[in-house]
Amino acid sequence: MNFPRWILPCRFALPVSVFASLCLTSVCLAASYPAQPDYLEHATPVTPAPPDQAIAGALQAIQPANIEKTIQTLVGFGTRNTLSSMETDLPPGQGITAAADWIAGQFEEISRQCGGCLEVHRDTFTEVPSDRIPKPTTITNIYAILRGSDPVQAKRMYLVTGHYDSRATNVQDPRIAAPGANDDASGVAVSLECARTLSKLNLPATVVFVAVAGEEQGLNGSTHLAKLAHSEGWQLEGVLNNDIVGGNTTPGDTLQLKDRVRVFSEGVPVAATPEQARRIRALGEESDSPSRQLARAVADADRTYFPAAAGAPFAPFLVFRPDRYLRGGDHTSFNREGFAAVRFTEWREDFNHQHQTVVIPPPGSSDPILGDLIQFVDFSYVANVARLNAATLATLASSPGLPVKVTMVTKKLDNGSTLQWEAPAGAAAGVHYELLWRETTAPDWQFMQSVPVPAAQGPIMVTVPISKDNVVFGVRAVDSAGHRGLAVVP
Ligand SMILES: [Zn+2]
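Anyway, here's the lowdown on the structure attached to this text. Remember, predicted model here, so these are calculated numbers, not experimental data.

Attention now goes to the coordination of the zinc ion. Bound to the zinc ion are the protein donor atoms H163 (NE2), D183 (OD), D243 (OD) and D243 (OD), situated 2.0 to 2.6 Å from the metal. Geometry at the zinc ion is irregular, judged from its four donor atoms and the angles of 53 to 145° they form at the metal. Sequence spacing of the donors to the zinc ion: H-x19-D-x59-D. One end of the pair, H163, is in strand β4 (residues 156-163); the other, D183, is in helix α8 (residues 181-198), with 20 residues separating them in the sequence. The burial state of H163 is the same as that of D183; both residues are buried.

Attention shifts here to empty space enclosed by the protein. Applying the stated rule across the entire model yields one cavity of 30 Å³ or more. Taken as a whole, the largest cavity spans an internal volume of roughly 220 Å³. In terms of lining, the largest cavity is formed by 24 residues, of which the most central are A297, D300, A301, T395 and R484. Of all the secondary-structure elements, those providing two or more residues to the lining of the largest cavity are α12 (290-305) and α14 (379-398). Examining the composition of the lining of the largest cavity, we find that eight residues originate from one element, α12, more than from any other.

Tracing the backbone through its elements, the reader meets S467 in the loop between β14 (460-464) and β15 (471-478). A residue is classified by how much of its surface remains accessible, and S467, at 4% relative accessible area, is buried. With residues near it in sequence (within four places) discarded, S467 still touches D38, N415 and S417.

Further remarks concern the nonpolar core. I71, F107, Y164, L198, F209 and F344 are the most contacted members of the largest nonpolar core, which totals 72 residues. Broken down by element, this core gets its largest block of residues, 13 residues, from α14. Not counting residues up to four positions away in its chain, the partners in contact with F209 are F107, L118, I142, Y143, A144, L146, V160, S191, C194, A195 and L198. Of all hydrophobic cores here, the second largest spans 19 residues; its members include Y39, V406, W437 and V475.

Definitions and limits used
- Residues numbered from 1 in each chain as written.
- Predicted model: local features only at pLDDT ≥ 70, side-chain atom pairs only at ≥ 80, totals over all residues.
- Heavy atoms only, no water.
- Donors = N, O, S within 2.8 Å, 3.2 Å for Na, K, Ca; no water.
- Tetrahedral: all angles 85-135°; square planar, octahedral: opposite > 155°, others 65-115°.
- Helix = DSSP H or I, 4+ residues; strand = E, 2+ residues; numbered from the N terminus.
- Buried < 20%, exposed > 50% of the residue type's maximum accessible area, 1.4 Å probe, protein only.
- 1 Å grid on protein atoms, 1.4 Å probe; cavity = no way out; pocket = protein on both sides within 12 Å on 5 of 7 lines; lining within 4 Å.
- Points joined across faces, edges and corners; volume = space filled by probe spheres on them.
- Contact = heavy atoms within 4.5 Å.
- Core = buried A, V, L, I, M, F, W, Y, C linked by side-chain atoms within 4.5 Å.

Just distances and angles here, no functional claims.
Structure representation (structure tokens):
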């Protein structure tokens, strides 16, 4: 404000390239300017972490044939409408209760093959009547816990879920055929494949594999399980919800893409208190919720385990909104309880094959086939979604967890940035940190700087000559093998 006017054009208006030729005053000649902004000056682009060979090997075991078997079996229950749990005269092997028994049996079988490594649970409750539930209805969520191998890290949990209930056009019809092959037998297949795969690894943190019911009636099962997790104090650091991940294959659809899956994440957390929302607005952290860091971790795991160079790239397409228009999903139940949660969904949905009563038009008709039939599911696509889920879960469950009390030290006005944080609880020796940053308009972390292993206990403090006003900073903990944890913003 009080600068002599003749300095201003040099400092603020002229591009560096023309600076030397146009600035002729002694003040200008005395100054020298960097060739690029401070945040690029000290930057190493974020590169993929090295793959963990045990994880990479485990991902190979995820095969479309298993997924086909799972979806085929689930479709075979005729209907998995949540209300069918109250029908007492269904033929044997039909209805949602039979499906629940089968899923629990699958988890038990997987557990037998790993020496009883899974704790298989049923979360059964009676839902009171509401819009889509005409009478008190029994709902059962099935979940299997793979306890972490490290007694301290085992408190940290990651969860993968899909919903095993299905519906036809009339969501309250408990008897009509509702195959639900894509929506959401595909998501249940992802949970089961993750259990099969990850149960063979030695993961320090805990992973929970879930199939919920009541999604189509109003997220009833996931709401109950998320509240249970909250009330039991589960230290859930991330929830991956897979809903409609079948890679719908309608003949003639030229717009479906099989090399990507959408990953939806909330911005300002739905569970933020007014005070937290105020701080988010003040700091411009609308795109830095824990759910969004989880979405970025999915992308990071993808770059490690689906390298484009390998010839078969498969990538998450991050969508920065909680869900699609007019739709909801089970991740929202976990968001509401304050947990980080994202939703995986195929690139392009065909609404003729969701929530529709099955109609097969007569030969020669130009009408579309209606109904969520298995013939439209691409098992290879579901396998890629399952591999991406498993890679993310295994990486995060092997990571040291989240740095705590991450703060930007702002005692005075200055153009540098000092960040301070503390190690995750029970962090092992060899844990180090990556300071991350990106332009405020960039969707994902762009740059990083490694922070050496601290010599002593206590808070870790780092100062960089980069203006905190111009970029978003984050910190993540990395173990000695390179497993990266979730980023935390100050
Ligand atoms: Zn669904």
